[in-house]
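# Residue-level structural notes
What follows is each chain in one-letter form.
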Amino acid sequence: MTPEAALAWFDGLSPVSVDDMLGRWKGETVPTGHKLDALLGAAQWWGKAFEGPEDVHPLLHGPTGAYAVNPALLPLTLGVHLPPALVRLSFPLIRPLITTRKPSARLRMLEHRGVTTATMIYDAKPICDVFRRIDDTSVLGYMDQRGAKPLFFKLTRV
């Protein structure tokens, strides 16, 4: 999908509430050519867990989403320049250094592109993930980071 088509899809979807987002969600990128598309798969990104508005685990990893990664410890600006094969090999080695049991994001209702919808705000990164409803069990996410192209991803309720 082109980034323009993904943006048009996103803009055509309905908002979601914070309560709608609570629970565990399995994630997958919407391939648009973003540099993180392949890296998230290489790092075994599984999805997200929204335990409450103040308790969000934005980066669950592993085959079953068994461990949460602390986003503050991920060098995104460096990571987008690494080959996915290197990320796939090195991620298991650094996993003990970057996992956490503490939440590292919050949920709020914010206006984005003219629509007020549930938005996840990372605690230690200047990134917001904005959500819109696809259907009763899935949402489209838009990773909004200043100066970067949007990354689109789909979350399906588990």
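This section reports on the structure supplied with the text. Since the structure is predicted, the reported quantities are computational estimates derived from the model, not experimental observations. (Residues numbered from 1 in each chain as written. Predicted model: local features only at pLDDT ≥ 70, side-chain atom pairs only at ≥ 80, totals over all residues. Heavy atoms only, no water.)

### Observations concerning the overall build of the protein
What the protein contains, in helices and strands, is five helices and 11 strands. Taking 15 Å as the expected radius of gyration for a compact globule of 158 residues, we find that the protein reaches 15 Å, a close match to that expectation. With the C-alpha coordinates aligned to their principal axes, the bounding extent of the protein is approximately 40 × 35 × 25 Å. In the protein, which comprises 158 residues, the share counted as buried stands at 43%. Sequence separation of 24 or more characterises 56% of the internal contacts of the protein that already satisfy a separation of 6 or more. Of the accessible surface of the protein, which amounts to about 8200 Å², a share of 58% is contributed by carbon and sulfur atoms. Positive and negative charge centroids in the protein, built from 18 and 15 side chains respectively, lie 7 Å apart. (Helix = DSSP H or I, 4+ residues; strand = E, 2+ residues; numbered from the N terminus. Rg over C-alpha atoms; globule rule 2.2 N^0.38 Å. Buried < 20%, exposed > 50% of the residue type's maximum accessible area, 1.4 Å probe, protein only. Contact = heavy atoms within 4.5 Å. Areas by Shrake-Rupley, 256 points an atom, 1.4 Å probe, with all protein chains shown as cover. Lys, Arg positive; Asp, Glu negative; His and termini not counted. Charge placed at Lys NZ, Arg CZ, Asp CG, Glu CD.)

### Some thoughts on the packing of aromatic side chains
All told, the structure shown has six aromatic pairs when counted by the stated rule. A centroid spacing of 5.8 Å and a plane angle of 85° characterise the contact between Phe 50 and Phe 131, whose relative ring orientation is edge-to-face. Of the two residues, Phe 50 is situated in strand 3 (residues 45–52) and Phe 131 in strand 9 (residues 127–135); the sequence distance between them amounts to 81 residues. Judged by its relative accessible area of 2%, Phe 50 is buried. A relative accessible area of 0% means that Phe 131 is categorised as buried. (Phe/Tyr/Trp six-rings, centres within 6.5 Å; stacked < 30°, edge-to-face > 60°.)

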